[in-house]
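Single-letter residue listing:
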Amino acid sequence: MSTRQHLLIDTDPGVDDALALLMAYAQPQVTVAALTIAAGNVGLAATTRNALKLLEVIGADTPVFAGAGLPLVRPAMDAAFVHGEDGFGNIGYTPAQRLPDAEPAALAMLRLSHELAGELTFVMLGPLTNLALALSLDPSLPTRVKRLVIMGGAVTGCGNVQRIPVEFNIGFDPEAAHIVCSRWPRFDLIDWEATMAHGVDFARVEHWLANPHPHAAFYRAISRKTRDWMRATRHASHWHAADALAMAVALAPENAETWAERPLAVELDGSLSRGATIVDWWQRSGAPANARILQSYRLPAFERLLQMALGVAAAE
Ligand code: BDR
Ligand code: CA
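Owing to the predicted nature of the structure, the values given are computational and were not obtained by experimental measurement.

### Regarding the environment of isoleucine 293
Position of isoleucine 293 among the secondary structure elements: in strand β12 (residues 291-297). In the structure, isoleucine 293 is positioned 196 residues away from glutamine 97 in sequence and 39 Å away in space, judged by C-alpha atoms. In this structure, isoleucine 293 is in contact with Val155, Leu189, Thr258, Trp259, Ala260, Arg262, Val279 and Trp281, ignoring residues within four places of it in sequence.

Okay, here's the thing in structure tokens:
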């Protein structure tokens, strides 16, 4: 992790988004070129407000570009029951002074892809609406992006929304996910099942959260409701943070132990499966392997990035 990394992070904060953002800002070799904001966990006004607040807590002046407020085709349910109605655990924080930049997210993505051609890693932590819009406007976008990392999907059908095989980010806007997955030649995917396979001991996380560092204190406050929900619904001995795992893969891909490279498509029609990520595991379709799907990541390396995010460990 020694060479400079330039990230564009598309996010719908969101409690686990916030942790992922703290992870990126804790790495001295990382420059975050922009945050582009999606609707998802809660509505766009709230996710934008949360992103600005988090940047204020961090003390970063990264530009923030708000994106689409709705999925491309059909309205979708949010995840306020996990993250709180305001997306940040309803702690009643004082809003940040700063407002978002005027440029729409999709246009900012395209502009920055020219300004930092070949250097930017796009890290997608929410529904793929903004990226689908950018890609529709300019199909050559992937040629200027170094790497695309997506948190989304449930590659063997164990999702986390009411439609059993579907994961939230893809299920929120399946058409957007279809556009991205069918037109982006190659991306890294960190799915819900990988998230569940990389749980961190709950007591350990709560110990880190007790750290007086201001980032830990803010995260402790906004994550309280989500942690209570996890305990109540999953009887969790382990704590799972999808966006944080995706960020670990973006920041330190060398700690991924195994990947599966397979063709992946998004189901748009099924009454039980709209939004499912369909993987051609046996490679019978002849389609190109567009997805590099995370199978395992070194847990100590993930934990170290989390500790740095919460100020428990210093960056080397
Ligand atoms: C994804 O859905 C959201 O609720 C989380 O922020 C994460 O991006 C997990 O399925
Ligand atoms: Ca998210």
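### A short note on the site of ligand 1
Around ligand 1 there are 13 residues in total, and Asp16, Asn41, Asn160, Glu167 and Asp243 lie nearest to it. The separation between an oxygen atom of ligand 1 and a polar side-chain atom of asparagine 169 is 3.0 Å. A distance of 2.6 Å is found between an oxygen atom of ligand 1 and a side-chain nitrogen or oxygen belonging to aspartate 243. For ligand 1, whose unbound accessible area comes to 280 Å², protein coverage reaches 95%. More than half of the atoms belonging to ligand 1 lie within 2 Å of the grid points that define the largest pocket.

### Section: the pattern of salt bridges
Under the defined criterion, the tally for this structure stands at 13 salt bridges. For the salt bridge of arginine 298 with glutamate 257, the shortest nitrogen-to-oxygen distance reads 3.9 Å. With arginine 298 in the loop between β12 and α12 (299-309) and glutamate 257 in strand β9 (residues 256-262), this pair connects stretches of sequence that are 41 residues apart. By relative accessible area, which is 36% here, arginine 298 ends up partly exposed. Of the residues examined, glutamate 257 reaches a relative accessible area of 46% and is grouped as partly exposed. Salt bridges sharing common partners tie together Glu206, Arg227, Asp228 and Arg231.

Calculation criteria
Residues numbered from 1 in each chain as written. Chains lettered and ligands numbered in written order. Predicted model: local features only at pLDDT ≥ 70, side-chain atom pairs only at ≥ 80, totals over all residues. Heavy atoms only, no water. Helix = DSSP H or I, 4+ residues; strand = E, 2+ residues; numbered from the N terminus. Contact = heavy atoms within 4.5 Å. Near = heavy atom within 4 Å. Polar contact = N/O pair within 3.5 Å; in protein donor to acceptor, adjacent residues only side chain to side chain. Areas by Shrake-Rupley, 256 points an atom, 1.4 Å probe, with all protein chains shown as cover. 1 Å grid on protein atoms, 1.4 Å probe; cavity = no way out; pocket = protein on both sides within 12 Å on 5 of 7 lines; lining within 4 Å. Sits in = over half its atoms within 2 Å of the grid points. Salt bridge = Lys/Arg side-chain N within 4 Å of Asp/Glu carboxyl O. Buried < 20%, exposed > 50% of the residue type's maximum accessible area, 1.4 Å probe, protein only.

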